[in-house]
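Remarks on the overall topology
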Amino acid sequence: MFEYLHLMKSEAMVLLIIFILLFIKLGKGLPNDTLLSIVQLLLLANVVVSFGFNDTGRIFNGMFFHNTLIGFQKGILSLAVYIISLVCADWLKQQEHMPEVFVLMLSALSGMFL
């Protein structure tokens, strides 16, 4: 079980951020300034997780392969999403449906990971 989480840590982190955003959206919600700060902090954590502790391994009977180069590529993609959230912060604060924007970006990121 730990091997699955260790090799798929980037995917698990993106999925966790998506679930947090969905729970916030289903709840009372947060002001855009606060939500943007939380999401940017989670995206920064995702960048750190993606670049660190990249091992080589195969899971799911060899259908999922991970090595240090793939981990580095996932780190670059995570960094790109984080930079987009920093550059577009003013625009995102004005959006009525900001959590949906991040859910779409993170869903696309998750698809690029696999």
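The structure contained in this document is the topic of the report that follows. Predicted, not measured: the structure shown is a model, and the values here were computed from it. (Residues numbered from 1 in each chain as written. Predicted model: local features only at pLDDT ≥ 70, side-chain atom pairs only at ≥ 80, totals over all residues. Heavy atoms only, no water.)

Looking now at the packing of aromatic side chains. Centre distance and the angle of the planes are the two values used to describe a pair of aromatic rings. All chains considered together, the criterion is met by two aromatic pairs. Summarising the aromatic geometry, the rings of F19 and F23 are spaced 6.3 Å apart at their centres and angled 25° between planes, so their arrangement reads as stacked. Separated by four residues within a single helix, F19 and F23 lie in helix α2 (residues 9-26), roughly one turn from each other. F19 gets classed as partly exposed once you look at its relative accessible area, which sits at 42%. Using a relative accessible area of 61% as the deciding quantity, one classes F23 as exposed. Positioned above the aromatic ring of F113 is the side chain of K74, whose terminal nitrogen or guanidinium carbon lies 5.8 Å from the ring centre. (Phe/Tyr/Trp six-rings, centres within 6.5 Å; stacked < 30°, edge-to-face > 60°. Helix = DSSP H or I, 4+ residues; strand = E, 2+ residues; numbered from the N terminus. Buried < 20%, exposed > 50% of the residue type's maximum accessible area, 1.4 Å probe, protein only. Lys NZ or Arg CZ within 6 Å of the ring centre and 35° of its normal.)

Moving on: the nonpolar core. Judged by nonpolar contacts, the single largest core of 22 residues is most densely connected at I17, L21, L43, F102 and L106. Secondary structure elements with two or more residues in this core: α2, α3 (32-51), α4 (68-87), α5 (89-93) and α6 (98-113). With residues up to four places along the chain from it excluded, the contact list for L106 reads V14, I17, I18, L21, L43 and V81. (Core = buried A, V, L, I, M, F, W, Y, C linked by side-chain atoms within 4.5 Å. Contact = heavy atoms within 4.5 Å.)

None of this, on its own, says anything about what the molecule does.
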